[in-house]
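Inside the fold
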Amino acid sequence: MEIATEYIKLDSFLKLVGAVNSGGEAKILITEGLVFVNGEKEFRRGRKLYNGDKVELNGKVYSIKR
């Protein structure tokens, strides 16, 4: 997914790519440890994602491009 800004927050990114339907759903999945950033579990929904980062949820991998 290509973004126009320097970074995007994890919960916003999940909504943008259609991986979740709402911010509330993103919060639940993140706090339950189901979201990985660059191969590691991420529990912060405000985690800043930058160019080259990879997000994984339910076996799908999304790459950040700028």
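Everything quoted here is computed from the prediction, not taken from an experiment. (Residues numbered from 1 in each chain as written. Predicted model: local features only at pLDDT ≥ 70, side-chain atom pairs only at ≥ 80, totals over all residues. Heavy atoms only, no water.)

Here the structure, examined in full by the defined rule, presents two salt bridges. A salt bridge links Glu-42 to Arg-44; the shortest N-O distance between them is 2.7 Å. For Glu-42, a relative accessible area of 5% corresponds to the buried category. With a closest N to O distance of 2.6 Å, Glu-42 and Arg-47 form a salt bridge. What emerges from the salt-bridge pattern is a single network uniting Glu-42, Arg-44 and Arg-47. (Salt bridge = Lys/Arg side-chain N within 4 Å of Asp/Glu carboxyl O. Buried < 20%, exposed > 50% of the residue type's maximum accessible area, 1.4 Å probe, protein only.)

Time to look at the nonpolar core. Ranked by size, the top nonpolar core spans 16 residues in total, and within it Leu-10, Phe-13, Leu-14, Val-35, Leu-49 and Val-55 carry the most contacts. Residue assignment for this core shows that the elements contributing at least two residues are α1 (10-16), α2 (23-31), β2 (35-37) and β5 (54-57). Once residues lying within four places of it in the same chain are set aside, the contact partners of Val-55 are Leu-10, Phe-13, Leu-14, Val-35, Phe-36, Val-37, Leu-49, Lys-60, Val-61 and Tyr-62. (Core = buried A, V, L, I, M, F, W, Y, C linked by side-chain atoms within 4.5 Å. Helix = DSSP H or I, 4+ residues; strand = E, 2+ residues; numbered from the N terminus. Contact = heavy atoms within 4.5 Å.)

With that settled, consider the pairing of strand β6 (residues 60-63). Where β5 and β6 come together, four bridges link them in antiparallel fashion. Each residue of the ladder has a partner; that of Val-55, found in β6, is Tyr-62. Where β5 folds back onto β6 in an antiparallel hairpin, the turn is made up of two residues, including Asn-58, whose phi is positive at roughly 55 degrees. (Pairing = 2+ DSSP bridges.)

All right, on to the environment of Asn-58 then. Here Asn-58 is to be found in the loop between β5 and β6. Counting along the chain gives 18 residues from Asn-58 to Glu-40, while the straight-line C-alpha distance between them is 14 Å.

So, on to the sheet that holds strand β3 (residues 40-41). The antiparallel open sheet is built from four strands, whose spatial order is β3-β2-β5-β6. Edge strands, defined here as strands with exactly one partner in the open sheet, are β3 and β6.

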